[in-house]
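Single-letter residue listing:
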Protein chains: 2
Amino acid sequence: MSDHGTTLADTLREQIIQGAFAPGERLSEASLADRLDVSRNTLREAFRVLAQHGLVEHVPHRGVSVASPTTADVIDIYRARRLIEGGVLREASSLHPGVTAMRAALERAEDALGRADWTVVGSANMAFHAALVSLADSPRLTRAHDQLAAELRLAFLAIDDPESLHRPFVAKNRTVLEALTDEGPARAAEELERYLVDSERRVLGAYSRMGRR
Amino acid sequence: MSDHGTTLADTLREQIIQGAFAPGERLSEASLADRLDVSRNTLREAFRVLAQHGLVEHVPHRGVSVASPTTADVIDIYRARRLIEGGVLREASSLHPGVTAMRAALERAEDALGRADWTVVGSANMAFHAALVSLADSPRLTRAHDQLAAELRLAFLAIDDPESLHRPFVAKNRTVLEALTDEGPARAAEELERYLVDSERRVLGAYSRMGRR
DNA sequence: TCGCAACGATTGTTGAACAATCTGGGTCCG
DNA sequence: CGGACCCAGATTGTTCAACAATCGTTGCGA
């Protein structure tokens, strides 16, 4: 592993999102540095990056742990998603090349749906919405949305019922896409709003069912 | 200086925003660590945080320099601001306590206007818009907006004509606030849009006048 | 049982060291 | 004269060992 630094942060980010660590799990500097074969100092730099991304929580003198979104966090994430994704979509053009990326993600999701591969369905759904935000051609909005998506993945991981979390939303994404191409941005934004409200309700329902704070 | 870490990043952030370093200026690890009386490793952690905030640009093996927003950056910042601030305002309630904070910031700006203290006017204008975003009660939107504001300050610093950059906008902020309290969120959002378009045009005009990329 | 003091473990930070990489000149060749 | 190449100095990337500061816990005593 010669390329460290930001790349180390990327590696960790990937592992966390893939569920290599449980949400809330404590990440000890010494043991993780040993496991990743880097020095504590280098690992700490990566931690700072991840903390800024909201993927990891850093409490001074108490170390870092994998973030574990609370109910309040989930509500906030969806509020921000509604505002950003909705705002982007309302001003989007159906001719933007990003629409192709949306379609590709959607087809990947529909394909995985047949194979009941919920992990891929989840990833593809995420990619669909990332592509949606890319319609704005705004690096900063894309970055903000990426962070929201990463945090949300942690909430999904904590729930661990991928089917009910991802299956129903493939069709909803198709509705959004078709609304955009056939009926214009305003209608698409309405459908998106419906999607997000429904998705949020499902996550919060699962949270309360598992007695989560 | 016993409290380092994130606090060191805050210190640096403040210094950068206050213009202690010129936009684009190279920040050498060795000399800056010496100047701040911290070790290189500690300083590097702070750099990672600032880089995530967009205040500093980090190029591998070439070090970090104070960010120096390009024309494209300015355009993107304003696009994101329009979306976020506009979205927040459209769904805001004029009864939200944050409105008081907006009014306070506005009065601070108007006061400084009389004293021709453009630095304070600029800060107060920023605070007005930060308070505006706080109407959404969304930590994540607030954080995203904070980053945009910090980057924008660097653009302002690069321009160095604070009067033309800040003076005209105090009145516009009052218009936004009064529209919100008297005519409702929709009208306020229209005024805000006008504000942002005008402010962006002014920054870009100054940029092109100074032959900036 | 409760408060608390000492202990071990972990984080925060330092300084020195070395490898990897960049930068700026200078040289050589065409 | 101009450009490609290369070298040395400077800077960044990373490691390591050490110590101070802080946290959590454990066990002691009242």
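Residues numbered from 1 in each chain as written. Chains lettered and ligands numbered in written order. Predicted model: local features only at pLDDT ≥ 70, side-chain atom pairs only at ≥ 80, totals over all residues. Heavy atoms only, no water.

### Remarks on the relation of the copies chain B and chain A
- Mapping chain B onto chain A is achieved by rotating through 180° and translating by 0.0 Å along the same axis, at an RMSD of 0.0 Å. Seen this way, the second copy is the image of the first under a two-fold rotation axis. When C-alpha positions in chain B are compared against the rotation axis, the closest is assigned to E45 of chain B, at 2.6 Å.
- When the interface residues of chain B are mapped onto chain A, 100% of them again lie at the interface, so the same face is used by both copies. (Least-squares fit on C-alpha atoms with pLDDT ≥ 70 in both. Contact = heavy atoms within 4.5 Å.)

### Here we look at the sheet that holds strand β2 (residues 56–59) of chain B
All names here are of chain B.
- Within the open sheet, the 3 strands sit side by side as β1-β3-β2. Their pairing is antiparallel. The open sheet has two free edges, formed respectively by β1 (26–27) and β2, since each of these has just one partner strand.
- Of the pairings in the sheet, the one linking β1 to strand β3 (residues 63–66) comprises 2 bridges and is antiparallel in character. Considered in β3, the bridge of R26 is made with S65. (Pairing = 2+ DSSP bridges. Helix = DSSP H or I, 4+ residues; strand = E, 2+ residues; numbered from the N terminus.)

### Quick look at the domain arrangement of chain A
All names here are of chain A.
- According to the domain assignment, chain A contains domain 1 (8–66) and domain 2 (71–210).
- On the side of domain 2, 8 residues touch domain 1, which itself brings 10 residues to the contact.
- In total, domain 1 and domain 2 occlude about 750 Å² of area from one another, counting both sides; carbon and sulfur atoms represent 68% of this.
- At the junction of domain 1 with domain 2, the criterion picks out 0 salt bridges. (Domains from an automatic or database assignment. Buried area = accessible area lost by both parts, 1.4 Å probe. Salt bridge = Lys/Arg side-chain N within 4 Å of Asp/Glu carboxyl O.)

### Notes on the confidence of the model for chain A
All names here are of chain A.
- Averaged over all residues, the pLDDT of chain A equals 94, while 97% of them reach at least 70.
- Note on residues 1–5: pLDDT under 50 across the span, and 6 contacts to partners over four residues away in sequence or across chains.
- Interface confidence for the predicted complex, expressed as ipTM, amounts to 0.91; the pTM equals 0.93. (pLDDT = per-residue confidence, 0-100.)

### Focus on the sheet that holds strand β1 (residues 26–27) of chain A
All names here are of chain A.
- Spatially, β1-β3-β2 is the arrangement adopted by the 3 strands of the open sheet, whose pairing is antiparallel. The sheet is open, and its two borders are formed by β1 and β2 (56–59), each paired with just one other strand.
- Along the sheet, helix α3 (residues 40–53) contacts β1, β2 and β3 (63–66); its crossing angle with β2, the most-contacted strand, is approximately 110°. (Axes fitted to C-alpha atoms, helices over the stretch in contact; angles between N-to-C directions.)

### A few points about the interface of chain B and chain A
- Opposite the 28 residues of chain B that make contact, chain A presents 28 residues.
- The junction of chain B with chain A conceals about 2,600 Å² of combined surface from both sides, 47% of it contributed by carbon and sulfur atoms.
- If you sort the residues of chain B by the area they bury against chain A, E45, R48 and R140 of chain B come out on top, with a joint share of 27%.
- Our count for the contact surface shared by chain B and chain A stands at 20 residue pairs in polar contact (both at pLDDT 80 or more).
- Only α3 (40–53), α4 (71–90) and α7 (139–159) of chain B provide two or more residues apiece to the side of chain B that touches chain A.
- Here the side of chain B that touches chain A gets 9 residues from one element, more than from any other, and that element is α4 of chain B. (Polar contact = N/O pair within 3.5 Å; in protein donor to acceptor, adjacent residues only side chain to side chain.)

### Some remarks on the packing of α7 of chain B against helix α9 (residues 185–209) of chain B
Residue and element names in this part refer to chain B.
- Where α7 contacts α9, the two axes come as close as 10 Å, and the packing angle between them is 45°. Put simply, α7 runs oblique to α9. Once α7 is placed against α9, the crossing between them reads as left-handed. Residue-level contacts link A155, F156, A158 and I159 of α7 to V203, A206 and Y207 of α9.
- Among the residues forming the contact of α7 with α9, the class breakdown is 7 nonpolar, no polar and no charged. (Parallel < 35°, antiparallel > 145°, perpendicular 65-115°, else oblique. Left-handed = near helix turned anticlockwise from the far one by under 90°. Nonpolar A, V, L, I, M, F, W, Y, C, P; charged D, E, K, R; others polar.)

### Things to note about the environment of A155 of chain B
Residues and elements named next belong to chain B.
- Considering the arrangement of structural elements, one finds A155 in helix α7.
- Note: C-alpha distance between A155 and Y207 (52 residues apart in sequence) is 8.9 Å.
- Once you skip the residues sitting within four places of it in the chain, A155 turns out to touch P69, V74 and Y207.

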